[in-house]
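Examining the three-dimensional arrangement
Listed here are the chains, written in short residue letters.
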Amino acid sequence: MVIQECGSPLDQLTDINVHLEKLKELNSLQQIHIWRCDSLEEIPTWISDSNSLRTISIKLCPKLTIPRERISLITSLRKMEIEDCPQVYHLETMLKDPLYRGIGLSG
């Protein structure tokens, strides 16, 4: 599943959070790639409960935040990439821990 270029007033997909909630009903969803979504503010909680989801890639989402207490939501994934999301810079040090191998952060 690829979601991109959402969040500006001209886009049809202005509230990505509503659409991400609907994705939890897909039993075989294995990957989500989200690019340039200004309206993405946090990763939905259902992600940690998904049995099929293995990979999430999030790039260029300036409002994305991941509070430390919600890190467990992404540790159940095989691969997590976060690039150019300035509000999650605090995770860089934490992600160097071997416990979080497979999770990438850049930008």
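All values derive from a computational prediction rather than experimental measurement. (Residues numbered from 1 in each chain as written. Predicted model: local features only at pLDDT ≥ 70, side-chain atom pairs only at ≥ 80, totals over all residues. Heavy atoms only, no water.)

Moving on: the overall build of the protein. What the protein contains, in helices and strands, is 3 helices and 5 strands. For the protein, the N- to C-terminal ordering of α and β elements is β-α-β-β-α-β-α-β. Here the protein holds 107 residues, and 36% of them are scored as buried. Restricting to contacts in the protein with at least 6 residues of sequence separation, those with at least 24 account for 53%. (Helix = DSSP H or I, 4+ residues; strand = E, 2+ residues; numbered from the N terminus. Buried < 20%, exposed > 50% of the residue type's maximum accessible area, 1.4 Å probe, protein only. Contact = heavy atoms within 4.5 Å.)

What follows deals with the nonpolar core. Ile34, Leu40, Ile58 and Leu64 are the most contacted members of the largest nonpolar core, which totals 24 residues. Once you skip the residues sitting within four places of it in the chain, Ile34 turns out to touch Ile3, Ile16, Leu20, Leu40, Ser57, Ile58, Lys59 and Cys61. (Core = buried A, V, L, I, M, F, W, Y, C linked by side-chain atoms within 4.5 Å.)

Under the definition given, this model contains 0 disulfides. Left without a disulfide partner, Cys61 is nearest to the cysteine sulfur of Cys85, which lies 4.8 Å away. A residue is classified by how much of its surface remains accessible, and Cys61, at 0% relative accessible area, is buried. (Disulfide = S-S within 2.5 Å.)

Next up on the list: unusual backbone geometry. With phi around 60 degrees, Leu60 is a residue other than glycine that occupies positive phi space. Here Leu60 lies in the loop between β3 (55-59) and α2 (72-75). We note that Asp84 has phi near 55 degrees; this positive angle belongs to a residue other than glycine. Within the fold, Asp84 resides in the loop between β4 (79-83) and α3 (91-95).

A separate point is the environment of Asn17. Here Asn17 is to be found in helix α1 (residues 16-23). Linking Asn17 and Glu41, residues 24 residues apart in sequence, is a C-alpha distance of 8.0 Å. Apart from the residues lying within four places of it in its own chain, the contact partners of Asn17 are Ser39, Leu40, Glu41 and Glu42.

The subject of this paragraph is the pattern of salt bridges. For the structure on display, the rule yields 2 salt bridges. Ionic pairing is found between Lys24 and Glu21, a salt bridge with its closest N-O pair at 3.2 Å. Glu21 gets classed as partly exposed once you look at its relative accessible area, which sits at 32%. Taking the shortest distance from any N to any O, the salt bridge between Glu81 and Lys79 comes out at 3.2 Å. Its relative accessible area of 23% is what places Glu81 among the partly exposed residues. (Salt bridge = Lys/Arg side-chain N within 4 Å of Asp/Glu carboxyl O.)

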